[in-house]
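Chain and residue survey
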Amino acid sequence: MKKDIQNREDLYLIVSQFYKKLLNDAEMHHFFSEIVENDSLEEHLQVLVDFWDNILFYSNTYKKNAMQPHLEKNKQFPFERKHFQKWLDFFKQTVDENFEGENAHIIKNRATSIATVMEIKVSQIRDQKEKK
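Residues numbered from 1 in each chain as written. Predicted model: local features only at pLDDT ≥ 70, side-chain atom pairs only at ≥ 80, totals over all residues. Heavy atoms only, no water.

Moving on, we get to the packing of helix H3 (residues 41-57) against helix H6 (residues 102-131). Between H3 and H6, whose axes approach to 10 Å, the crossing angle comes to 115°. Accordingly, the angle class assigned to the pair H3 and H6 is roughly perpendicular. The element H3 and its partner H6 pack so that their crossing is right-handed. Taken together, the residues of H6 that come into contact with H3 (itself represented by Phe-51, Trp-52, Ile-55, Leu-56 and Phe-57) are Asn-103, Ile-106, Ile-107, Arg-110, Ala-111 and Ile-114. (Axes fitted to C-alpha atoms, helices over the stretch in contact; angles between N-to-C directions. Helix = DSSP H or I, 4+ residues; strand = E, 2+ residues; numbered from the N terminus. Parallel < 35°, antiparallel > 145°, perpendicular 65-115°, else oblique. Left-handed = near helix turned anticlockwise from the far one by under 90°. Contact = heavy atoms within 4.5 Å.)

So this is what it looks like as structure tokens:
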């Protein structure tokens, strides 16, 4: 039986393994090329740990706007439905490979909500541009 997600170390394990999947995927790695080229992957992973620590444990460690960098990245590399689905599949897969329990269930549900909201927002922006 796997343990449940309990702390920042567990969150780091998730985001680091999740990013290995993303960076090794032909359809996804270009979204992260700037992070890799700037040698800032570790810094980025720590930001993600802060984000998920705040989401799951209400730690108040994340104080940024999570949507804004994604909207900026979308200008450079437009997100499509398949990207959101692959992101979500990789995330859930990574959680399931390592953890089970209430927090594992919660983090996967929150990831689904976040991906859904981002996809809707990106789609709205795309629709507004097409109308102009």
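On to the packing of helix H1 (residues 8-23) against H3. For the pair H1 and H3, interaxial distance at closest approach is 9 Å and the crossing angle is 125°. For the element pair H1 / H3, the angle class is oblique. Seen along the crossing, H1 lies across H3 with a hand that is right-handed. For the pair formed by H1 and H3, the contact residues are Arg-8, Leu-11, Tyr-12, Val-15, Ser-16, Tyr-19 and Leu-23 on the first element and Leu-41, Glu-42, His-44, Leu-45, Gln-46, Leu-48, Val-49, Asp-50, Trp-52, Asp-53, Leu-56 and Phe-57 on the second.

Turning our eyes to something else, we now look at the nonpolar core. As a rule of thumb, nonpolar side chains are buried together in soluble globular proteins. Counting residues in each nonpolar core, the largest one holds 33 residues, and the members touching the most others are Ile-5, Trp-52, Phe-91 and Ile-107. Sorting the residues of this core by element identifies H1, H3, helix H4 (67-76), helix H5 (81-98) and H6 as the ones contributing at least two each. Trp-52 has contacts with Leu-11, Val-15, Phe-57, Trp-87, Phe-91, Ile-107, Arg-110, Ala-111 and Ile-114, leaving out every residue within four places of it along the chain. (Core = buried A, V, L, I, M, F, W, Y, C linked by side-chain atoms within 4.5 Å. Buried < 20%, exposed > 50% of the residue type's maximum accessible area, 1.4 Å probe, protein only.)

The next subject is the packing of aromatic side chains. Counted under the stated rule, the structure contains twelve aromatic pairs. Aromatic pair Phe-31 and Phe-32: ring centres 6.5 Å apart, planes at 70°, arrangement edge-to-face. For the pair formed by Phe-31 and Phe-32, the shared burial category is buried. Among the aromatic residues, those joined into a cluster by ring pairs are Phe-18, Tyr-19, Phe-31, Phe-32, Phe-51, Trp-52, Tyr-62, Phe-77, Phe-79, Phe-84, Trp-87 and Phe-91. (Phe/Tyr/Trp six-rings, centres within 6.5 Å; stacked < 30°, edge-to-face > 60°.)

Applying the stated criterion to the full structure yields eleven salt bridges. Of the charged contacts in the structure, one is a salt bridge between Glu-34 and Lys-73, with a shortest N-O distance of 3.7 Å. Of the two residues, Glu-34 is situated in helix H2 (residues 33-37) and Lys-73 in helix H4; the sequence distance between them amounts to 39 residues. Accessibility expressed as a relative area gives 41% for Glu-34, which makes it partly exposed. A relative accessible area of 16% places Lys-73 in the buried class. When salt bridges with common partners are traced through the structure, they connect Asp-25, Glu-27, Lys-82 and Lys-86 into a single cluster. (Salt bridge = Lys/Arg side-chain N within 4 Å of Asp/Glu carboxyl O.)

Positionally, Ile-125 belongs in helix H6. The exposure class assigned to Ile-125 is partly exposed, which follows from its relative accessible area of 24%. For the pair formed by Ile-125 and Asn-74, sequence separation is 51 residues and the distance between their alpha carbons is 9.8 Å.

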